[in-house]
Amino acid sequence: MAIEYLGLSSINGPLVILEGVQNAAYDEIVEFTVDGKEKKLGRIIECYEDYAVIQVFEGTTGMSLTNTHTRLTGHPMEITLSEDILGRTFDGIGRPIDGFGPIVSDTKVNVNGLPLNPCRREYPRNFIQTGISAIDGLTTLIRGQKLPIFSGNGLPHDQLAAQIVQQANIGKDAEGKFGIVFAAMGVKYDVAEYFRKTFEESGVSSHVTMFLNLANDPVVERLITPKVALTAAEYLAFEKHMHILVILTDITSYCEAMREVSSSKGEIPSRKGYPGYLYSDLASLYERAGIVEGQEGSVTQIPILTMPNDDITHPIPDLTGYITEGQIVLDRNLHGQGIYPPISVLPSLSRLMKDGIGEGYTREDHQAVANQLFSSYAKVTDARSLASVIGEDELSETDRQYLTFGKAFEKEFVGQGPQENRSIIETLDLGWKLLGLLPKSELDRVDTKLLDKYYKPADPKDVAAAAE
Amino acid sequence: MSEKTGVIYGINGPIIYMKNAVGFKMSEMVYVGKEKLVGEVISLQGDTTMVQVYEETSGMKPGELVYGTDSAVSVLLGPGILNNIYDGIQRPLEKIAEQSGKYITRGVSASGLDEEKKWDVTIVVKPGDKLHGGDIIATCPETPSIVHKSMMTPLIESATVKSVKPDGRYTVLEPIITVELPDGTTQDLTLAQKWPIRVPRPSLKRLPASEPLVTGQRVLDTIFPIARGGTAAIPGGFGTGKTMTQHSIAKFSNANVIIYIGCGERGNEMTEVLEDFSKLEDPQTGNKLMARTTLIANTSNMPVAAREASIYTGITLAEYYRDMGYDVAIMADSTSRWAEALRELSGRMEEMPAEEGFPAYLASRLSAFYERAGMVTTLNGLQGSVSIIGAVSPQGGDFSEPVTMNTKRFVRCFWGLDKALAYARHYPAINWMQSYSEYVGDMSPWYKEHVDPKFISDRTEIVAILNAEDKLNETVKLIGSDVLPDDQKLTLEIARVIRLGFLQQNAFHKDDQNVPLKKQFLMMETILKLYHVSQKLVQQGHPMSVLRAEGIYDKVIAIKYDVPNDHLEMFDDYSKMIDDFYQTVLEKNA
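As the structure is a prediction and not an experimental result, all values here were calculated from the model. (Residues numbered from 1 in each chain as written. Chains lettered and ligands numbered in written order. Predicted model: local features only at pLDDT ≥ 70, side-chain atom pairs only at ≥ 80, totals over all residues.)

A. How the structure looks around the packing of helix H13 (residues 517–539) of chain B against helix H17 (residues 571–588) of chain B. All names here are of chain B. Two elements in contact, H13 and H17, have axes whose closest approach is 10 Å; the angle formed by their N-to-C orientations is 10°. The angle between H13 and H17 places the two elements in the roughly parallel class. Counted together, Leu-522, Thr-526, Lys-529, Leu-530, Val-533 and Leu-537 of H13 and Phe-571, Tyr-574, Ser-575, Ile-578, Phe-581, Tyr-582 and Val-585 of H17 form the full contact between these two elements. Its residues assigned to classes, the contact of H13 with H17 comprises ten nonpolar, two polar and one charged. (Axes fitted to C-alpha atoms, helices over the stretch in contact; angles between N-to-C directions. Helix = DSSP H or I, 4+ residues; strand = E, 2+ residues; numbered from the N terminus. Parallel < 35°, antiparallel > 145°, perpendicular 65-115°, else oblique. Contact = placed C-beta atoms within 7 Å. Nonpolar A, V, L, I, M, F, W, Y, C, P; charged D, E, K, R; others polar.)

Here you go:
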């Protein structure tokens, strides 16, 4: 029994108000028919006895107060899922756009998801080797982690994400049961195309599910895109026991869309006009990563966000950093120097690293090397600022050694080729080689035992070469 | 349950409205809709009643019913609270998982305590005894670490014991004692009692702060100590180590009971605490840490209204154990998420915002929360304390935002975390120039008596050296350290020893993660002795380069690893080593 309501009582930006509606539920999906032909979907975001406020996914263009029929569907936003979604491409709200027809299955899942019970989570400990030294060595990615890339416009975050996808051994000990879920929110066509091509070239296309809401697609629709994508990822990981890597790009567009809807609802803004629930809303995305106790399968998230004006204290990166388990920060300066990947090491962090590395996971000295590299590189910054005041020639011998180390570290450790795939052992050995440029007494973060085992002062030849 | 009901008129996220519903009280607990979701009345305006719902409201419809309960949102207090993990309104997550699997679904009802389990109860009153509210009526071993003492609820002012059951095994809801009230009616008492979460439990008298909550962290215990019954805030941007610091305190502090509130934080973090604390040993008792711990997990993706409640649930549990005469420490991670929950709900209620969209009552709510800490004489004459350690997550790491500013007004310890220290992996990244503790003066008699008479003067000297270094660093930034005179170079060198060897602490090293006060004191003594000896040498004209060449500074830095916590006699060797160093320098450069 589908009652249709004719007409609307007001339209404001992406929101419409429908009066006299009976039996509407909060968060329910409604279907509009505009002018008898065009179909649109909407979601009830406030509902009262006699009227409901509805957010229209496709935008309200073309709708008038009289030409619209509204039908309640009786259920919240759902998506049909089966294993067949692998290798397919959908639009931002989960409708196939690759011409292979709809997904046929009885499994319909509410896209809002439910919080995982902390008692049933398993603490992630499995190291994922990405082949990128700055990540593996210093901000190790762990299976089941959410580790965002904080980037800026024009920086090679897409290339980095693609390299991670190509090289990461997500399903190494899982007999290839792995998959990738890719969600694009308001990104340019070229970006989506770049990822599609990369997936194709590396031969993983049949393991990839893509949800695309491009820059010219309806803005409100992208509020649903990551939810749909994560619902698909959770289904594959926790029902079909696959290891899933989720790439969400670009979180900034998602937040912009949220701000737009919030302001048309007339909500009280908090910082920079974003709604007060930005944190809760982002958390409802990011928290949908992890591992369930006693089950095969995992969801690992790599969200990409472009920091507006490269400002890490902007509400979007700021709140993201408070929710995610670390961050990989890209730096315009390094990029300018031609270093790829331009990972700014000091503000980058992986919170789950401490339990997934060391003996039995990577190598006994991993934590010590990482700490020492961080600490020594922090001193490079001090030496550089001193050098900029008093000139390099006036520096003490130790400070000059730090400058040499800093240069070599950026060039050899952080920098690597876009195709270069280094094993963790290579990465750690490289770390020791660079630490050899510093005198032993400067290495204050390493146990004496490890120092004796691994430390080797650099050849004067290498020092000279590094100083070049 | 009363028959009072209302009809839902409107729904806006976690807030629902009722029109013309009469008889609901402020803070009353209600059940909302067909699924009987738990909610609380938060506003009564004319004919509109507003309720905040502690669960997702998706799919709820206007016209569904709201059922009143006539009682405020409460927790059930009794044995079984420890070694447990709850959501924000005291539902055991383990029970929820048994009912609904890996996801937390809606409308699950689960009692805060295991109502089936029988406890080994010893009754400590006899017929004819006069009881007052808060008096202990029975005890039972709750965990290997904690003896649970059930009390007569403070809501009953006085009563006479009429009959008691024999000692034996009882569940939390079985009557064990019958008392006669002054008006002649009788009432059954059980092991458990209910208490509304927003009402502080009464105590007899507040006591002044006098002894420290020892945490095993040097920068806290020695430099910025917190008292038992004290309050501290840990503000810091993301990645500066708020959570790690709280974990360390929860693991190593000498409180009897730990209440860990994960308020709007990561799910994996709570899982980590749960896994770790079930395995690790409590350094005080040797039992598992969970035997003295209760976790309250309201992760960031769980409903926002329950996040607001979780802080109150936590502090009520803490006050209950305080009333048994225990020292309780609360870790609230993070109070900013709680403040944001207030903001979100306030926004949905269309209240007038104050700073940055936070409601105007933010400050009064924060102060009311922190004032529930304290060392007290309980109603039954014991002494107990609640210490609150609240993490603050300032937006953009900027300490001038409303939550940090207001928190600063109500806490007496401020442990400011610093991004630059964290970037250099100096942990705990507590900035010694920004942080402070107002308890140092109050507690110096305790340190003098229980650790060493020189403890406080040593601490003062260490702090003075760090301050001097900070000033010198301004100069060094401009001209480099090479051109400084030797006495200033020495100050820098000793400050380096203090920073690396004393302030910095390795949470993963077995000897360094938890350091007894005695060792903290001896470390200070050794560093200062080295300082004084070096000063003498510098005054005699020996350059710093000569002093440094002996390698003694790095040896002192390594004390934290090289001297095991149970071999403090090794400090004598260091003392001798410093004397030898003095002689060697003199001889070599005579």
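B. A look at the sheet that holds strand S19 (residues 298–306) of chain A. Residue and element names in this part refer to chain A. Read from one edge of the open sheet, eight strands run S9-S16-S15-S17-S19-S14-S20-S21, paired in mixed fashion. The strands lining the two open edges of the sheet, one partner per strand, are strand S9 (89–91) and strand S21 (343–350). Pairwise comparison of adjacent strand axes, ignoring direction, gives a mean angle of 15° for this sheet. Sheet contacts for helix H3 (residues 189–201): strand S15 (178–187) and strand S16 (208–214); angle to S15, the most-contacted strand, approximately 165°. Here helix H4 (residues 225–239) sits on the sheet and contacts S15, S16, strand S17 (243–249) and S19; the angle it forms with S15, its principal contact strand, is near 175°. (Pairing = 2+ DSSP bridges.)

C. Layout of the interface of chain B and chain A. Listed per partner, the contact involves 58 residues of chain B and 58 residues of chain A. Elements with a minimum of two residues in the side of chain B that touches chain A: strand S1 (5–12), helix H1 (93–100), helix H4 (267–279), helix H6 (335–348), helix H11 (455–479) and helix H15 (552–557) of chain B. By residue number, the principal contributor to the side of chain B that touches chain A is H4 of chain B, which donates seven residues. Class assignment for the residues of the side of chain B that touches chain A results in 23 nonpolar, 21 polar and 14 charged. Looking at chain direction, strand S5 (residues 38–48) of chain A and S1 of chain B are connected through two bridges and run antiparallel. In the strand pairing of S1 of chain B, Tyr-48 of chain A is matched with Gly-10 of chain B.

D. Highlighting H4 of chain A. Residues and elements named next belong to chain A. Its 15 residues give H4 an end-to-end C-alpha distance of 21 Å, which sits within 8% of 21 Å, the value for a rise of 1.5 Å per residue. With respect to burial, H4 is a largely interior element, 14 of its 15 residues being buried. One or two positions beyond H4, positive phi appears at His-241, with a value near 55°. (Expected span 1.5 Å × (residues − 1). Buried ≥ 20, exposed ≤ 12 C-beta atoms within 10 Å, placed from the backbone.)

E. Just the pairing of strand S4 (residues 28–34) of chain A, in detail. All names here are of chain A. Both S4 and strand S7 (residues 68–76) contribute to a ladder of six bridges, which runs antiparallel. The residue of S7 that forms the bridge with Thr-33 is His-69. The sheet contact formed by S4 and S5 spans six bridges and is antiparallel. Note that in S5 the partner of Val-34 across the bridge is Glu-38. Between S4 and S5, which pair antiparallel and follow one another directly, the connecting turn spans three residues, one of which, Asp-35, has a positive phi of 55°.

F. Here's a closer look at the environment of Leu-437 of chain A. All names here are of chain A. Tracing the backbone through its elements, the reader meets Leu-437 in the loop between helix H12 (424–435) and helix H13 (448–454). Here Leu-437 falls in the buried class, since 22 other C-beta atoms lie within 10 Å of it. With 31 residues separating them along the chain, Leu-437 and Gly-406 place their C-alpha atoms 9.7 Å apart. Excluding its chain neighbours within four sequence positions, the residues that come into contact with Leu-437 are Gln-401, Thr-404, Phe-405, Ala-408, Ala-458, Val-463 and Ala-466.

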